[in-house]
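Read off the chains here:
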Amino acid sequence: MKKLCLGIESTAHTFSVGILDFNGNVYSLINDIFVPDKGGLHPALVREQHLNNFMKIINRALLEANISIKDINLMAFSQSPGLGSVLKIGAMVARMLSQLLNIPIVGVNHCVAHIEIGRLLCHIEDPLVLYVSGGNTIVSAYESSRYQIFGETLDLAIGNMIDSFARDAGLQHPGGPKIEKMALESNKDYLPLPYVVKGMNLSFSGLYTAAKYLLQSEEYDKKYNLGDIAYSLQETAFGMLTEVTERALAHTEKKEVLLTGGVAANKRLQSMIEYISKEHDARFEVVPLRYAGDNGAMIGWTGILRYQAEGGHEISETIIKPKERMDQITIPWRS
Ligand code: AMP
Ligand code: MG
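Notes on the structure in this doc start here. (Residues numbered from 1 in each chain as written. Chains lettered and ligands numbered in written order. Predicted model: local features only at pLDDT ≥ 70, side-chain atom pairs only at ≥ 80, totals over all residues. Heavy atoms only, no water.)

1. Focus: the site of ligand 1
Item 1. Close to ligand 1 lie 16 residues; Gly134, Asp163, Glu180, Gly262 and Asn266 are nearest.
Item 2. Measuring from an oxygen atom of ligand 1, one finds a side-chain N or O atom of aspartate 163 at 2.6 Å.
Item 3. Glycine 262 is positioned with one of its backbone polar atoms (N or O) 2.9 Å from an oxygen atom of ligand 1.
Item 4. The fraction of the free accessible surface of ligand 1 (510 Å²) that becomes covered by protein chains is 88%.
Item 5. In terms of residue count, the dominant contributor to the shell around ligand 1 is helix α5 (residues 176–185) (three residues).
Item 6. Residue composition of the shell around ligand 1, by class: four nonpolar, nine polar and three charged. (Near = heavy atom within 4 Å. Polar contact = N/O pair within 3.5 Å; in protein donor to acceptor, adjacent residues only side chain to side chain. Areas by Shrake-Rupley, 256 points an atom, 1.4 Å probe, with all protein chains shown as cover. Helix = DSSP H or I, 4+ residues; strand = E, 2+ residues; numbered from the N terminus. Nonpolar A, V, L, I, M, F, W, Y, C, P; charged D, E, K, R; others polar.)

2. As for the pairing of strand β4 (residues 74–80)
Item 1. Summarising burial for β4: seven of the seven residues are buried, a large majority.
Item 2. In the sheet, strand β1 (residues 4–9) pairs with β4 via four bridges, with the strands oriented parallel. The residue bridging leucine 6 from the neighbouring strand is methionine 75, located in β4.
Item 3. Here β4 runs beside strand β5 (residues 105–109); their pairing, made up of five bridges, is parallel. Bridging across to β5, phenylalanine 77 finds its partner in glycine 107.
Item 4. At this point the chain moves from β4, through helix α2 (residues 84–101), to the parallel β5, and the crossover so formed is right-handed. (Buried < 20%, exposed > 50% of the residue type's maximum accessible area, 1.4 Å probe, protein only. Pairing = 2+ DSSP bridges. Right-handed = clockwise from strand over helix to strand, strands pointing away.)

3. Concerning the coordination of the magnesium ion (ligand 2)
Item 1. Taken together, the protein donors to the magnesium ion (ligand 2) comprise His110 (NE2), His114 (NE2), Tyr131 (OH) and Asp294 (OD), at separations of 2.1 to 2.3 Å.
Item 2. Tyrosine 131 sits in the buried class, given a relative accessible area of 2%.
Item 3. Note on aspartate 294: relative accessible area 14%, which makes it buried. (Donors = N, O, S within 2.8 Å, 3.2 Å for Na, K, Ca; no water.)

4. Some words on the nonpolar core
Item 1. Judged by nonpolar contacts, the single largest core of 45 residues is most densely connected at Ile158, Met161, Phe165, Phe204, Phe238 and Leu241.
Item 2. Mapped onto this core, the elements with two or more residues apiece are β6 (128–132), β7 (137–143), α4 (158–168), α5, α6 (205–216), α7 (226–252), β11 (256–260) and α8 (267–279).
Item 3. The element best represented in this core is α7, accounting for twelve residues.
Item 4. Beyond its immediate stretch of four places on either side in the chain, leucine 241 contacts Leu130, Val132, Thr137, Ile158, Leu202, Phe204 and Leu269. (Core = buried A, V, L, I, M, F, W, Y, C linked by side-chain atoms within 4.5 Å. Contact = heavy atoms within 4.5 Å.)

5. Comments concerning the pattern of salt bridges
Item 1. Counting across every chain of the model gives 15 salt bridges.
Item 2. We note a salt bridge from arginine 119 to glutamate 116, for which the minimum N-O separation is 2.6 Å. With arginine 119 and glutamate 116 both in helix α3 (residues 110–121) and three residues apart, this pair spans about one turn of that helix. In this pair, the class of arginine 119 matches that of glutamate 116, namely buried.
Item 3. A salt bridge links glutamate 235 to arginine 268; the shortest N-O distance between them is 2.8 Å. (Salt bridge = Lys/Arg side-chain N within 4 Å of Asp/Glu carboxyl O.)

6. Focus on the sheet that holds β11
Item 1. Taken in spatial order, the five strands make up an open sheet running β8-β7-β6-β11-β12, and their pairing is mixed. Each having just a single partner strand, β8 (146–152) and β12 (283–286) make up the two edges of the open sheet. Taking each pair of neighbouring strands and ignoring which way they run, the sheet shows an average axis angle of 20 degrees.
Item 2. As defined by bridge partners, β7 adjoins β8 across six bridges and the pair is classed as antiparallel. From the neighbouring strand, isoleucine 138 faces β8, where its bridge partner is glutamate 152.
Item 3. Sitting on the sheet, α7 touches β6, β7, β8 and β11, and the angle it makes with β6 is about 160 degrees.
Item 4. Along the sheet, α8 contacts β6, β11 and β12; its crossing angle with β12, the most-contacted strand, is approximately 160 degrees. (Axes fitted to C-alpha atoms, helices over the stretch in contact; angles between N-to-C directions.)

Nothing here speaks to function; it is all geometry.
Quick look at the structure:
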């Protein structure tokens, strides 16, 4: 029987369980996603949903993989970064199963996991990565034993910014796909919006506020419509992301570019990043969408990599780290 790892993702809206073997074959992946009725993610409500559902999700993953919990050889869980009260659920479940089954446990940095599942599934070695999601906006690459951060948001994450604007415009969560569709179907009349790149970092809060003002203006639905704002918002935000990614690419001279995170689904962003990749003779890859958003398979795979490099964690080392940055930890499997 192959060695199997059960990976648990629990940093924010998604409680997800992935089961895979030590060669990276995924046997099952089950997600349970919290969707707010209105407003943003309320940690207490997310925590309640995850607490109510975790056993159901684990059982469905075992059923899909056609195995019993006793067949699992390694537990991996998202240890950082994320919402503290939500991270605790995954950590608690993983600790419990590790002790109950007497198997090793490994804590995983969520951002590193997004990169590792991309390297595995896209068959690439050493990419420059643009990770864009509801909670993160990071340009990263491996240098000097770590996943260094070359650029990041100074305030809102790109996905959160788009979702917040969409909510203001009366669109249901998640707004990203709806804004993309509206932008595509619009007249493509660009409305000037604040484009804020500071050094290698990005700021989206001014852009968000300006787009919101456009919704409230007397000229709204007379001189321009929601589609025009959606188009302008995307062009501005994605232009900023592309500028920083290109500069990091020129600096690191990586020959591969990986786009991941939920916002990687956006075709306009894909085309912009693909364009600059080509300009720099780099291969461009988008993580398959099932694995681009938050998922337990990426946690399981990264847990396997760390376990094989340096063994499991002691239970006392499995404390959650809500604010841990990916550039704070070593990556022994790549050195
Ligand atoms: P994640 O946080 O990685 O699970 O991804 C969720 C985020 O991706 C949300 O902010 C979504 O609005 C966003 N998203 C999903 N599809 C798209 C899309 N086609 N265009 C822009 N954003 C998207
Ligand atoms: Mg994520």
